[in-house]
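Structural description and commentary
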Amino acid sequence: MARKPTRARERERLWLVGNWKMWPDTATRARRAALKFASAAFPRAPHLSLAVAPPYPFLELVRAVLPRRWALAAQDPGDPAPEGEETGRVSFAMLRSAGVRLVIAGHSEVRARGTPDALIARQVAVALGEGCEVVLCVGETERDGPHDRFAFVRKQVLTAVSGVRPDALPLLRVAYEPVWAIGSRARATPEPSDVHEMALWIKKVLAERYGARAALATPVLYGGSVHPENARAFARDGGIHGFLVGRASRDPKEFAAIAEALVSGADDRAALTR
Ligand code: PGA
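Presented here is a report on the structure given in the accompanying data block.

Criteria and cut-off values
- Counting restarts for each chain: residues are numbered from 1 in the order of the written sequence.
- pLDDT decides what is reported in this predicted model: residues at 70 or higher carry local features, side-chain atom pairs at 80 or more are listed and counted, and totals for whole chains, interfaces and linings draw on all residues regardless.
- Only heavy atoms go into the side-chain values, all of them from the structure, while hydrogens and water stay out.
- Think of it in three bands: with a 1.4 Å probe and only protein chains considered, a residue is buried below 20% of the maximum accessible area for its type, exposed above 50%, and partly exposed in between.
- In this text, helices come from DSSP runs of H or I with a minimum length of four residues, and strands from runs of E with a minimum of two, each type numbered from the N-terminal end.
- Should DSSP find at least two bridges between two strands, the strands are taken to pair.
- Handedness of a crossover is defined as follows: with both strands directed away from the viewer, a clockwise route from the first strand across the helix to the second makes it right-handed.
- When at least one non-hydrogen atom of a residue lies within 4 Å of a molecule or strand, that residue is treated as near it.
- Identification of polar contacts relies on pairs of N or O atoms within 3.5 Å, with a donor-acceptor requirement for protein atoms, meaning one able to donate a hydrogen and the other able to accept it, and with residues adjacent in sequence counted only if both atoms are side-chain atoms.
- To measure how exposed things are, a 1.4 Å probe is used in the Shrake-Rupley method; for residues, cover is taken only from the protein chains shown.
- Any residue outside Ala, Val, Leu, Ile, Met, Phe, Trp, Tyr, Cys, Pro, Asp, Glu, Lys and Arg is labelled polar, Gly included; the first ten of those are nonpolar and the last four are charged.
- Here the axes come from fitting lines to C-alpha atoms, over the contacting stretch only for helices, and the angles between their N-to-C directions go from 0 to 180 degrees.
- Here a residue-residue contact requires only that any non-hydrogen atoms of the pair lie within 4.5 Å.
- Each angle is binned into one of four classes, with values under 35 degrees roughly parallel, values over 145 roughly antiparallel, values of 65 to 115 roughly perpendicular, and all other values oblique.
- Throughout, a crossing is termed right-handed when the near helix is turned clockwise from the far one, and left-handed when it is turned anticlockwise from it by less than a right angle.

**Quick notes on the pairing of strand 4 (residues 100-105)**
- Among the six residues in strand 4, five count as buried, and that is most of the element.
- Of the pairings in the sheet, the one linking strand 3 (residues 70-74) to strand 4 comprises three bridges and is parallel in character. When the sheet's bridge partners are listed, Leu 72 is paired in strand 4 with Val 100.
- Pairing between strand 4 and strand 5 (residues 133-138): four bridges, direction parallel.

Written as structure tokens, this is what we have:
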């Protein structure tokens, strides 16, 4: 028997964020890429939020081309309160005025460059306080035992939200990104059940500080070698509400296929729990 489609108002919100990293390498290519995204067949589902994080120099030209439905995201929120005059730094206020509505904070590649935990915590608190959505990245570096990774992620989450007031929490999304599963050097991908376990753990950790209700309402995304073939299983069985995608977000067809898989996987899950 055909399954009854889930009605839009019953569907939980989903997030799909593309992190272009250092791609493309020229302004001409960035404009061309944005035009392709603007005309690609992304699902029209109203409960799906779409965002893309181009390199800083191309924020404005990508913003000018993408339809309004797309949120412009920054790959690294910079220093929210730089003091004095400092060459080469970008303030959070500048990003806001360039149209940025979402920031990725604490990405493992940014952490690996030595960004201190205290700065990540400040970025998260200031961005949320200014009404900007934040995708906070957390995840263990090595494929270690459950005890190690749960303790590691707990510390990352609690440190990063140390300055976040409860009323700012609705704009926070936490992306679980095991470092060993990210990028072209990825060694493996976790099973959806591993991701599910970590998504529950992240909510449990947030509940220590904000209570169960607010913690359960905080969406957890998954990131690390997401592609059209594995996205549906993660969305159905991974206990997550979206993806942070690197490489596959640069191809509009692949990214749109991931969006479809996210929506279908979330519908599968809803049907299972009804
Ligand atoms: P990937 O990158 O999808 O290319 O593994 C994910 C990320 O770095 O957030």
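**Looking at the pairing of strand 2 (residues 48-53)**
- Along strand 2, six of the six residues are buried, which leaves the element largely enclosed by surrounding structure.
- Neither face of strand 2 is left uncovered, since the one carrying Leu 48, Leu 50 and Val 52 and the one carrying Ser 49, Ala 51 and Ala 53 both have all their residues buried.
- With six bridges connecting them, strand 1 (residues 14-19) and strand 2 associate as parallel partners. Bridge assignment links Trp 15 to a residue of strand 2, and that residue is Ser 49.
- Crossover strand 1 to strand 2 through helix 1 (residues 27-39) is right-handed.
- Pairing analysis gives three bridges linking strand 2 to strand 3, with the strands arranged parallel. Each bridged residue has a counterpart across the sheet, and for Ala 51 the counterpart in strand 3 is Ala 71.
- Crossover handedness for the path strand 2 to helix 2 (residues 59-65) to strand 3: right-handed.

**Describing the site of the ligand**
- For the ligand, the full set of nearby residues is Lys 21, His 107, Glu 177, Ala 181, Ile 182, Gly 183, Gly 224, Ser 225, Leu 244, Val 245, Gly 246 and Arg 247.
- Within the side chain of Glu 177, one N or O atom sits 2.7 Å away from an oxygen atom of the ligand.
- Gly 246 places a main-chain nitrogen or oxygen 2.9 Å from an oxygen atom of the ligand.
- Considered on its own, the ligand offers 280 Å² of accessible surface; in the complex 99% of this is hidden by protein.
- Broken down by class, the residue content of the shell around the ligand amounts to four nonpolar, five polar and three charged.

**What about the sheet that holds strand 8 (residues 242-245)?**
- Read around the closed barrel, eight strands run 1-2-3-4-5-6-7-8, paired in parallel fashion. Adjacent strand axes in the sheet meet at a mean angle of 25° when their direction is disregarded.
- Contacting strand 1, strand 2, strand 3 and strand 8, helix 10 (residues 252-273) runs over the sheet at an angle of about 155° to strand 1.

**Topic: the packing of helix 7 (residues 192-210) against helix 9 (residues 228-237)**
- Between helix 7 and helix 9, the shortest axis-to-axis distance is 9 Å and the interhelical angle comes to 40°. With respect to each other, helix 7 and helix 9 are oriented oblique. Helix-helix and strand crossings are classified by hand; for helix 7 and helix 9 the assignment is right-handed. Side by side, helix 7 and helix 9 meet where Pro 192, Ser 193, Val 195 and His 196 of the first sit next to Ala 233, Phe 234 and Asp 237 of the second.
- Among the residues forming the contact of helix 7 with helix 9, the class breakdown is four nonpolar, two polar and one charged.

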